[in-house]
Amino acid sequence: MFIAGVCLLAILVSSFRVIRALNVSCPEIKINVSAPTVVENTPFTVSCISPGVSKWDWDFGDFSPHGNTSKVTHIYRSAGKYNLKLVVNGNVKCNEVLALTVAQDMSATAVTNDNGIETSIEGPSTAVVGHPVKFHETSGKATSWAWTSSDSKGIDGTGQEVTYTFTTAGRKTVYVTINGNKGKASVDVNVVAPVASGGGSAKPRITEDAFRKMLSDVVNKKADVPAFNNILCNLKMVVNYKLGKDKVAQKTFDDFCKDIKGHGYRTEFDQVKLTFDPKGCVSGIDIVMHKGSSRLLMDR
């Protein structure tokens, strides 16, 4: 009888422990967001540092990979409404849902933050798939940076300068946010496919407008001759150019670039006409320079 009573007591104690385990109370969950307004294509940080929380599972509601640390940086790629859900300690019953409205990105190429710092990006407007290009934040007053792009899934760099190597062609956008989301700038980049070598198939051609922008980048010291390596059939090819209605002059492409480099305030291009070979590389260049451009270029 005594033994039966002891066994019954043990069963009751075990049952109590199981019931107690099933009814573990959840810790207080408090989600902090780094920015008062969340904007598409702009990194922001969410955190939950609360007593009793040792595991985190962040679901941002946009089908992106979950976060699993106390503080996570995220980027929404589209404006709209999202339910950000945090589950803690591996218990689905211990959760908190935060309804977020992500605003549309209306930033221009330069933005002035609350402290009067004008933020802008210096970098090429055209790039080639597989070739690295650098971008630089130019305010001179930033103390922290967060770089991302329209191709990114997170933050790509945290210094004043970042290098991108795009893997696909098309229009891309590079963004930088400074001083903890207090200033932001963006720049569009036209990424072109490299020219096929040998007997490969033709690649998409660069547009004449994009080529003109690349020449402007050379003028402003944002690009150099190697940037054209996979666009031109030959860097030593002859460029036909003239100033206004003057007679046509000729130079090799690399010499032409050397002459225009650094003359940003007095070198403009009214017209650029390109000729392509069957593979899509540029085989001919005809340029009409603006009449206000430096005549020194014609005399070199």
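Everything numeric here is computed off the predicted structure, so don't read it as measured data.

**Student:** Account for the pattern of salt bridges, naming residues and giving values.
**Tutor:** Charged atoms that come close allow side chains of opposite charge to pair. One pass over the structure, following the stated rule, counts six salt bridges. K172 is the salt-bridge partner of D151, the closest N and O atoms lying 3.2 Å from each other. Of this pair, D151 sits in the loop between β12 (145-149) and β13 (161-164) while K172 sits in strand β14 (residues 170-178), and the two are 21 residues apart along the sequence. Look at D151 and you get partly exposed, because its relative accessible area is 38%. Across the salt bridge formed by R212 and D209, the nearest N and O atoms sit 3.3 Å from each other. Of this pair, R212 and D209 are both found in helix α2 (residues 208-219), three residues apart, which corresponds to roughly one turn of the helix. Residue classification places R212 among the partly exposed positions, given a relative accessible area of 23%. Take D209: its relative accessible area is 41%, and that puts it in the partly exposed class.

**Student:** Please provide a residue-by-residue account of the environment of A142, values included.
**Tutor:** Tracing the chain through its elements places A142 in the loop between β11 (133-137) and β12. For the pair A142 and N179, spaced 37 residues apart in sequence, the C-alpha to C-alpha distance is 6.0 Å. Apart from the residues lying within four places of it in its own chain, the contact partners of A142 are E137, I178 and N179.

**Student:** For the sheet that holds strand β3 (residues 56-59), give the residues involved together with the corresponding values.
**Tutor:** One open sheet accounts for three strands, arranged β3-β5-β6; its pairing is antiparallel. One side of each edge strand has no neighbouring strand; the edge strands of this open sheet are β3 and β6 (95-102). With strand direction ignored, the average angle separating the axes of adjacent strands in the sheet is 15°. In this structure, strand β5 (residues 80-88) lies alongside β6, joined through eight bridges in antiparallel fashion. Residue pairing across strands places L84 opposite L98, the latter belonging to β6.

**Student:** An account of the state of the cysteines is requested, with residue identities and associated values reported.
**Tutor:** Under the counting rule described, the total for this entry stands at two disulfides. Put simply, C26 and C94 are joined by a disulfide, and their sulfur atoms are 1.9 Å apart. On the sign convention where negative means left-handed, the S-S torsion of about -80° between C26 and C94 marks this disulfide as left-handed. Of this pair, C26 sits in the loop between α1 (2-22) and β1 (32-33) while C94 sits in the loop between β5 and β6, and the two are 68 residues apart along the sequence. A relative accessible area of 37% means that C26 is categorised as partly exposed. On the basis of relative accessible area, C94 is assigned to the buried category, the value being 4%. Covalently, C233 is tied to C281 through a disulfide, its sulfur atoms 1.9 Å apart. On the S-S bond that ties C233 to C281, the torsion sits near 90°, and the link is right-handed. Of this pair, C233 sits in the loop between α2 and β16 (238-243) while C281 sits in the loop between β18 (269-276) and β19 (282-289), and the two are 48 residues apart along the sequence.

**Student:** Now, about α2: what can you tell me, with residues and values included?
**Tutor:** Between its first and last C-alpha atoms α2 spans 17 Å; for 12 residues at 1.5 Å apiece the expected length is 16 Å, and the two agree. For α2, the full list of buried residues reads A210, F211, M214, L215, D217, V218 and V219. Among the structural elements, β10 (126-128), β15 (183-192), α3 (253-260), β18 and β19 are those in contact with the buried residues of α2. A positive backbone phi angle near 65° is found at K221, which sits one or two residues after α2.

**Student:** Would you mind going over the packing of α2 against α3 in detail, with residue names and values included?
**Tutor:** Where α2 meets α3, the closest approach of the two axes is 8 Å, and the angle between their N-to-C directions is 55°. Considered as vectors, α2 and α3 are oriented oblique to each other. On α3, the residues touching F211, L215, V218 and V219 of α2 are F253, C257 and I260. Among the residues forming the contact of α2 with α3, the class breakdown is seven nonpolar, no polar and no charged.

**Student:** Could you give an account of unusual backbone geometry, with specific residues and numbers?
**Tutor:** Negative phi characterises most residues that are not glycine, and trans characterises most peptide bonds. A positive phi angle, close to 55°, is found at N89, a residue other than glycine. As for its position among the elements, N89 is in the loop between β5 and β6. For N89, a relative accessible area of 28% translates into the label partly exposed. At N179, a residue that is not glycine, the phi angle is positive and equals roughly 50°. Mapped onto the secondary structure, N179 falls in the loop between β14 and β15. By relative accessible area, which is 16% here, N179 ends up buried.

Cut-off values and rules
Per chain, residue numbering runs from 1 following the sequence as it is written. Only residues with pLDDT of at least 70 get local features here, since the model is predicted, and only at 80 or more are side-chain atom pairs given and counted; chain-wide, interface and lining totals rely on the full set of residues. The basis for the side-chain values is all heavy atoms of the structure; hydrogens and waters are excluded. One speaks of a salt bridge when a side-chain nitrogen belonging to Lys or Arg is within 4 Å of a carboxyl oxygen belonging to Asp or Glu. Going along the chain from the N terminus, every DSSP run of H or I of four or more residues is numbered as a helix, and every run of E of two or more is numbered as a strand. Only protein chains enter the accessibility calculation, which uses a 1.4 Å probe; a residue is then buried when its area is under 20% of its type maximum, exposed when over 50%, and partly exposed in between. Throughout, a contact is declared for two residues whenever any of their heavy atoms are within 4.5 Å. Two strands make a pair as long as DSSP finds a minimum of two bridges between them. Axes here mean lines fitted to C-alpha atoms, for a helix over just the part in contact, with angles spanning 0 to 180 degrees between N-to-C directions. Throughout, disulfides are identified as pairs of cysteine sulfur atoms within 2.5 Å of each other. The length a helix should cover is 1.5 Å for every residue beyond the first. The labels follow the angle: roughly parallel below 35 degrees, roughly antiparallel above 145, roughly perpendicular from 65 to 115, and oblique for the rest. Amino acids outside the nonpolar list (Ala, Val, Leu, Ile, Met, Phe, Trp, Tyr, Cys, Pro) and the charged list (Asp, Glu, Lys, Arg) are all regarded as polar, and Gly is one of them.

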